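# Architecture and fold: a report
One-letter residues, chain by chain:
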Amino acid sequence: MRTFAKYLITLLGGFALGIIAIGLLIASLFSGFNANFGEKQNPELTEAGLLYLKIEGDVAERKSSNPLDDLMLAGEESDPSFGLDQILNGLKKAEKDPNVKGILLDCGGYLGGMATAEEIRMALTQFQRSGKAVVAYSGMYSELGYYIASSAKTVICNPKGLLEFDGISSKIVMYKGLFDKLGVDFQVFKAGKYKSAVEPFIQESMSAENREQITQYITSLYQYQLSEIAKNRNIPFDSLWSIAMHGSAQMPASALKLKLFDGLAYETQAKESLAKNAKLMASKAPWLSFYDYALDVDPYPYSENKIAVVYAVGDILPGKQNPDNQIGSTTFINNLKMAQNDPDIKAIVIRINSPGGSAFASDEMAHEIIACKKVKPVIISFGDVSASGGYYMGCVGDSIFALPNTITGSIGVFALLPNTQALFGEKLGLNYETVELGDFSAGWRPDRPLNDKEKAMMQTMISGIYDDFIATVAAGRKMSPDQVRALAEGRVYSAIDAKKLGLIDGLGGIDRAILSASRKAKTKDFRVVYYPEQKDWLSALFDKEDVAKSQWAMAAKSSGLPVQTIQEAQKIQHLVGPQYLLPWSVKMH
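Criteria and thresholds
Residues numbered from 1 in each chain as written. Predicted model: local features only at pLDDT ≥ 70, side-chain atom pairs only at ≥ 80, totals over all residues. Heavy atoms only, no water. Helix = DSSP H or I, 4+ residues; strand = E, 2+ residues; numbered from the N terminus. Contact = heavy atoms within 4.5 Å. Salt bridge = Lys/Arg side-chain N within 4 Å of Asp/Glu carboxyl O. Buried < 20%, exposed > 50% of the residue type's maximum accessible area, 1.4 Å probe, protein only. Arc of directions from axis to C-beta. Patch = residues over 30% accessible without salt bridge, like charges linked within 9 Å, V, L, I, M, F, W, Y side chains within 5 Å. Areas by Shrake-Rupley, 256 points an atom, 1.4 Å probe, with all protein chains shown as cover. Expected span 1.5 Å × (residues − 1). pLDDT = per-residue confidence, 0-100. Core = buried A, V, L, I, M, F, W, Y, C linked by side-chain atoms within 4.5 Å. Axes fitted to C-alpha atoms, helices over the stretch in contact; angles between N-to-C directions. Parallel < 35°, antiparallel > 145°, perpendicular 65-115°, else oblique. Nonpolar A, V, L, I, M, F, W, Y, C, P; charged D, E, K, R; others polar. Phe/Tyr/Trp six-rings, centres within 6.5 Å; stacked < 30°, edge-to-face > 60°. Pairing = 2+ DSSP bridges.

A few words on the environment of Ile229. Along the polypeptide, Ile229 turns up in helix α8 (residues 208–233). For the pair Ile229 and Tyr147, spaced 82 residues apart in sequence, the C-alpha separation works out to 6.8 Å. Contacts of Ile229, omitting those with residues within four sequence positions, involve Arg121, Tyr146, Tyr147, Ser150, Phe165, Asn234 and Leu240.

This is the structure:
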């Protein structure tokens, strides 16, 4: 009995200590939350003042609702990363706010997508149309960072800084040599001569067809970019092209001489320049972080009528949403149905930013979009990239809008099957024995390549899926199958070229798509709601998917690698079944 009492007391004591520890942990978490965003509850400028907007790294479609992301930045001076939605909505608010007289823009470290840069640039231009000033200042400007900055009335660089203004390239890592050393080769089945996603696995250099299409679309993208800079900087296009091709403006003094900068100065002087433009005294003008100012901004007045924006961002796969920036078809369909079944939602905008993925999942989502548009208008908005499976699911909407530098198309399909015979048999000494009942019962085996019958069956399946892709695009875009085939073959296009070919309806960002949706629904009075709905911080804290996302961010922070690079390494495990997938990740270098 005494032993039992001793054990019970020990147990209760341990339980009490556990409760105390949990209480202390929760208290520290709340303390972290208060430190991180307890003081950021919609601060306002109560008198005429200025905003400081810093955009660096990648910019996601939406700001994360995961509190772990903000907690990771506790003790650091930088603001948590922006979402594109937060930047656009914050600029709409600032445009109408009489106390906001100007913005100091530091976007030199921007490393996001091209269409995202375009959308930010358009919003800054709209802000300045209200008569308010934007002065861009940075120590160093990336290519796209400068593109955003060039929309400002005044562009200033640190005298010891650097400008990346040297053209555009697309880099592809070829894996064949690595897999050769491992004793692995790949059996490829594809439809579309430009469907080059398989090339890194089977070739040591890119094909002539792939080099041709990449050259064509990056030329289109860069010509558009320089033409926009030429308008803002009042520099002839041919001069800008020559400067970029020869790398003549890398150093600040050279860039100033070539009129890419208005001045070389330090941040204090840049702030004084903005204050002067805004007709304020630099020493007395109040400043506010744009991140704080734009926190939880809703620029739309309350209305019973709603337009829903349903986000579809990342690689496409069947099933529930995965944490590493992917579109789960089941999750997407559930969000779409919620918007479809809400009688107050008068129209739906689907925002797609995806290079594609699973052919099966893409078709599932396209089928549900077709069903949805029988109930209410469905407008498609393309982000940085909406190609292959991303284009497949979007082509069935009522209308498609994309930014001029969106990458789209890639109408094709492929499947990759690894042949590990040399690795398993010769290097590892493994032997597989099977008993087969039926010509195709064994399916893929790691110890041998497919035989001729199995290869023929796979190619027949891929060709059939490609025919379905052609038919879906033809029906969605009101074209003949032959017209689509002439544009297909896996070829990639800029949105400028895609519009000329009839693959999209118009050029514009998400605001253009929302406006089109309201017109299609015949409603001028509306507010915008978003799917998937953002979780409250407590739900997000205990959500395994949000925790996993934070783990990616923590790995990136500790390794110094971009989150996208770490996620890319995980992609291959999701290449199950036939794929509608863009051949490469799209970034400007």
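Here the focus is the pattern of salt bridges. One pass over the structure, following the stated rule, counts 14 salt bridges. Among the salt bridges present, the one from Lys93 reaches Glu44, with a minimum N-O distance of 3.1 Å. Of the two residues, Lys93 sits in helix α3 (residues 84–96) while Glu44 sits in the loop between α1 (2–38) and β1 (49–54), which places them 49 residues apart along the sequence. Between Asp511 and Lys92 there is a salt bridge; the shortest N-O distance is 2.8 Å. Here Asp511 is found in helix α20 (residues 510–520), whereas its partner Lys92 is found in helix α3, with 419 residues between them in sequence.

On the secondary structure map, Gly49 appears in strand β1. Under the relative-accessibility criterion, Gly49 is labelled buried at 0%. For the pair formed by Gly49 and Pro98, sequence separation is 49 residues and the distance between their alpha carbons is 9.5 Å. Ignoring sequence-local partners within four residues, the contact set of Gly49 consists of Asn99, Val100, Lys101, Gly102, Leu280 and Pro286.

Before going further, it helps to examine helix α11 (residues 267–277). Along an α-helix, residues three or four positions apart point the same way, because every turn accommodates 3.6 residues. Burial in α11 covers these residues: Ala270, Leu274 and Ala275. One side of α11 carries all its buried residues, which in axial view fall inside an arc of 140°. Facing away from the buried surface of α11 by more than 90 degrees, the exposed residues are Thr268 and Lys276. Buried residues along α11 sit against β1, β2 (100–106), β3 (133–141), β4 (154–163) and β7 (287–289). Within two residues after α11, Lys279 carries a phi angle of roughly 60°, on the positive side.

Once that is clear, we can look at a nonpolar patch on the surface. On the surface, a nonpolar cluster with roughly 360 Å² of combined accessible area is contributed by Val173, Tyr175, Leu178 and Leu182. Among the secondary structure elements, Leu178 is positioned in helix α6 (residues 176–182). The class for Leu178 is partly exposed, based on a relative accessible area of 49%.

Turning to α8, a few remarks are in order. Its 26 residues give α8 an end-to-end C-alpha distance of 37 Å, which sits within 8% of 38 Å, the value for a rise of 1.5 Å per residue. Remark: Asn234 follows α8 within two positions and exhibits a positive phi of approximately 55°.

This paragraph deals with the confidence of the model for the chain. For the chain, per-residue confidence averages 84 on the pLDDT scale, and 80% of positions sit at 70 or higher. A low-confidence stretch, residues 1–12 (pLDDT under 50), is modelled with zero contacts involving residues beyond four sequence positions or located in other chains. With pLDDT under 50 throughout, residues 27–40 is counted as low confidence; its partners more than four residues away or in other chains account for 19 contacts.

A few words on the nonpolar core. One recurring pattern in soluble globular proteins is that nonpolar side chains are buried together. With 78 residues, the main nonpolar core has Phe165 and Leu260 as its most contacted residues. For Leu260, the contacting residues outside a window of four places in its chain are Tyr146, Val155, Leu163, Phe165, Arg233, Ile235, Leu240, Ile243, Ala249 and Ala255. Membership of the second largest hydrophobic core comes to 55 residues, among which are Ile348, Ile350, Ile352 and Val396.

A few words on the packing of helix α13 (residues 329–341) against helix α14 (residues 359–372). Across the interface, α13 lies against α14 with an axial gap of 10 Å and an inter-helix angle of 5°. In terms of orientation, α13 and α14 fall into the roughly parallel class. Residues Ser329, Phe332, Ile333, Leu336, Lys337 and Gln340 of α13 form the contact with α14, whose own contacting residues are Ala361, Glu364, Met365, Glu368, Ile369 and Cys372. Here the contact of α13 with α14 is composed, by residue class, of seven nonpolar, two polar and three charged.

Counting across every chain of the model gives 15 aromatic pairs. When the centroid spacing of 5.5 Å and the interplanar angle of 40° are considered together, the rings of Tyr141 and Phe261 count as tilted. Of the two residues, Tyr141 is situated in strand β3 and Phe261 in the loop between α10 (252–257) and β6 (263–264); the sequence distance between them amounts to 120 residues. On the basis of relative accessibility, which here comes to 3%, the residue Tyr141 falls in the buried class. Looking at Phe261, the relative accessible area reads 2%, which means it is buried. Among the aromatic residues, those joined into a cluster by ring pairs are Tyr141, Tyr146, Phe165 and Phe261.

Counting buried residues along strand β19 (residues 527–531), four of its five residues qualify, which places the element largely inside the surrounding structure. For strand β8 (residues 306–313) and β19, the ladder comprises five bridges, and the chain directions are parallel. Bridging across to β19, Ile307 finds its partner in Val528.

This next bit is on the sheet that holds β2. Pairing between the strands of a sheet is mediated by backbone hydrogen bonds and can be parallel or antiparallel. Ordered in space as β6-β4-β3-β2-β1-β7, the six strands form an open sheet in which the pairing is parallel. Of all the strands in the sheet, just β6 and β7 have a single pairing partner and so form its edges.

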